[in-house]
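In case you want the letters, here they are:
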Amino acid sequence: MLQSTNNQVLKQYDNISDADLEQAIAAAHDLYQQWRGEPATTRQATLHKIADLMRTEKTALATVVTHEMGKLISEAEAEVDLCADIADYFADNAPTFLKSTPLTTGIGDAYYQKQALGVLFMVEPWNFPYYQIMRVFAPNFMIGNPMLLKHASNTPSSAETFVDIVRRAGAPAASLTNLFASYGQVSQAIADPRVVGVALTGSERGGASVAKSAGENLKKSTLELGGNDPFIILEDADMAKVKAVAPSARLSNAGQICAASKRFIVMADKYDEFLAMLKEAFAAVKPGDPMDRATTLAPLSSADAKKTLQARVDAAVQAGAKVYYGNEPVELPGQFFQPTILTDISRDNPAYNQELFGPVASVYKVNSVAEAIALANDSSYGLGSVIFSEDREQADAVAQQLETGMTFINRAWATLPELPFGGVKNSGYGRELYELGFNAFVNEHLVVSAK
């Protein structure tokens, strides 16, 4: 574990052995067998206790995240609060979600019942070290699917801290097991017949690899991958509202959010005004220690993350993109990247269809609504999108034409337990959160009785 602001080693963890993996799978499978005979309501109080502990220990939990991946302490605290809300939501709603559904048929009485499937394997990323776990853990804990976790290698303490909260709340040890596993052991676990499904949030490459293993072994999977989300500013947009939302829509979490706005698609008559506004906001940020509550720009998560982003920006500029603002060194310890605005990105520029994971905004000028929609959809990604327009009917009509999993009108992207999260195209498949996420790993068991 490295501290993100200075690359100092804080703690080291040993990888597991194959024997450790076998023991974890066996314990999880035994717990699944036990949970099959118990109603979900027996787990409600424990999930609420997890939420209570997270709220009580919010700043301590947030500090672990800030030290590991550099998130601003206020943003890390907000992540902990969100996790507690997700836990409470699924504890409260699981009994309703699990109710049997009657079906109409001429051959008799019929219904289907949602039931647990078995042990799940989850692979999660570093940018939201607690939230990404909770999105999968909370619903499946209530369903009765024990979980094995392979977290990002640069947030090991966040994973261990989450598991510790679960156990201190009184959940069985095998409810969630964190594994410092190799990629070979991940494939080994997915192939095990006791593991019935895989949930991954991460990169396209990681998603493709895990989906291949899952497919080869006939395991159900959900993938939440990258995004290159459009932020469309139509001709009747209220620019005061845009000004209040657009900068943070790109810079939150130092720009390291899959569903953050990355491509700003602006009608020609608003283009110059928007660029000037965005530049002013980007120039006003205060980089520094993410534990200092006066800091407004956090460092990137690692030296590799900074190196990758810089290489992509350099390639974009070499291919003809113009730097309207930024792309200069930040003379501070830690992996800081100056907020940057790129324009004039042609379709043959590598940045046109590439996720720039950091505080870099790509801005495009368009001359019609149809052109804005076409540009927004001209991407291999399809995660989220934002539309600003004072004409709600027009905005809704545009939303219906976007090839994304989520659209937000006159506000930035948001995540809440009652809103399904997920995308289409190379952004993945399946949903997390809400009832759609709850249903991702259930057996919809049909029962029919003859008349």
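Just so it is clear, the model here is predicted, and its values are computed rather than measured. (Residues numbered from 1 in each chain as written. Predicted model: local features only at pLDDT ≥ 70, side-chain atom pairs only at ≥ 80, totals over all residues. Heavy atoms only, no water.)

**Student:** I'd like to hear about helix H2 (residues 44-56), residue by residue, with values.
**Tutor:** Compared with an ideal rise of 1.5 Å per residue, which puts 13 residues at 18 Å, H2 spans 19 Å between its outermost C-alpha atoms and is within 8% of the ideal. Those residues of H2 lying buried are Thr 46, Leu 47, Ile 50, Ala 51, Leu 53 and Met 54. Down the axis of H2, the buried set is contained in an arc of 165°. They therefore lie on one face. Projecting away from the buried face of H2 at angles above 90 degrees are the exposed residues Ala 45 and Thr 56. Elements in contact with the buried residues of H2: helix H3 (58-69), helix H4 (73-97), helix H5 (131-143) and helix H6 (156-168). (Helix = DSSP H or I, 4+ residues; strand = E, 2+ residues; numbered from the N terminus. Expected span 1.5 Å × (residues − 1). Buried < 20%, exposed > 50% of the residue type's maximum accessible area, 1.4 Å probe, protein only. Arc of directions from axis to C-beta. Contact = heavy atoms within 4.5 Å.)

**Student:** Would you mind going over the environment of Gly 326 in detail, with residue names and values included?
**Tutor:** Examined against the element boundaries, Gly 326 turns out to sit in the loop between strand S10 (322-325) and strand S11 (340-343). When the C-alpha positions of Gly 326 and Ala 283 are compared, they lie 8.2 Å apart, and in sequence the two are 43 residues distant. If near-sequence neighbours (up to four positions away) are discounted, Gly 326 is found in contact with Gln 338, Pro 339 and Thr 340.

**Student:** An account of the nonpolar core is needed here, citing residue identities and associated values.
**Tutor:** General note: in soluble globular proteins, nonpolar side chains tend to be found buried as a group. In this structure, Phe 137 and Phe 274 are the most contacted members of the largest nonpolar core, which totals 97 residues. Broken down by element, this core gets its largest block of residues, 13 residues, from H4. When neighbours within four sequence positions are excluded, Phe 274 is seen to be in contact with Ile 233, Met 239, Val 242, Ala 246, Phe 264, Val 266 and Val 363. Leu 72, Met 267, Ala 298 and Tyr 364 belong to the second-largest nonpolar core, a separate cluster that totals 31 residues. (Core = buried A, V, L, I, M, F, W, Y, C linked by side-chain atoms within 4.5 Å.)

**Student:** Summarise the packing of helix H1 (residues 18-35) against helix H7 (residues 183-191); cite the residues concerned and give the values.
**Tutor:** Packed helices, taken two at a time, are described by the angle their axes make and the gap between the axes. Axis separation between H1 and H7 bottoms out at 11 Å; the angle between their running directions is 35°. H1 and H7 meet at a crossing whose hand is right-handed. Contacts from Asp 18, Leu 21 and Ile 25 of H1 reach H7 at Gln 185, Gln 188 and Ala 189. Its residues placed into classes, the contact of H1 with H7 shows 3 nonpolar, 2 polar and 1 charged. (Axes fitted to C-alpha atoms, helices over the stretch in contact; angles between N-to-C directions. Left-handed = near helix turned anticlockwise from the far one by under 90°. Nonpolar A, V, L, I, M, F, W, Y, C, P; charged D, E, K, R; others polar.)

**Student:** Account for the pairing of strand S4 (residues 147-150), naming residues and giving values.
**Tutor:** On a regular strand, one side chain projects to one face of the sheet and the next to the other, so that they alternate. By the alternation rule, side chains of S4 split into Met 147 and Leu 149 and Leu 148 and Lys 150, which are all buried. Strand direction decides the pairing type here: strand S3 (residues 119-123) and S4, joined by 4 bridges, are parallel. Pairing of Val 123 across the sheet is with Lys 150, part of S4. The parallel pair S4 and strand S5 (residues 176-178), bridged by H6, forms a crossover whose chirality is right-handed. (Pairing = 2+ DSSP bridges. Right-handed = clockwise from strand over helix to strand, strands pointing away.)

**Student:** Break down the sheet that holds strand S18 (residues 442-450) for me, citing the residues and quoting the values.
**Tutor:** Strands in a sheet are paired, the pairing made by backbone hydrogen bonds, and the direction either parallel or antiparallel. Taken together, 3 strands build an open sheet; the order of strands is S1-S2-S18 and the sheet is antiparallel. Because the sheet does not close on itself, it has two edges, and the strands there are strand S1 (101-103) and S18. When the angles between neighbouring strand axes are averaged without regard to direction, this sheet yields 25°. With 9 bridges connecting them, strand S2 (residues 108-116) and S18 associate as antiparallel partners. Looking across to S18, one finds that Asp 109 is bridged to Ser 449.

**Student:** So what's going on with the sheet that holds S5? Which residues, and what values?
**Tutor:** Spatial strand order, S5-S4-S3-S6-S7-S17: 6 strands in an open sheet with mixed pairing. With one partner strand each, in any of the chains shown, S5 and strand S17 (428-429) form the two edges of the open sheet. Judged from the 2 bridges that link them, strand S7 (residues 220-224) and S17 form a sheet pairing that is antiparallel. The residue bridging Glu 224 from the neighbouring strand is Gly 428, located in S17. Lying over the sheet, H1 contacts S3, S4, S5 and strand S6 (195-201), oriented at roughly 150° with respect to S4.

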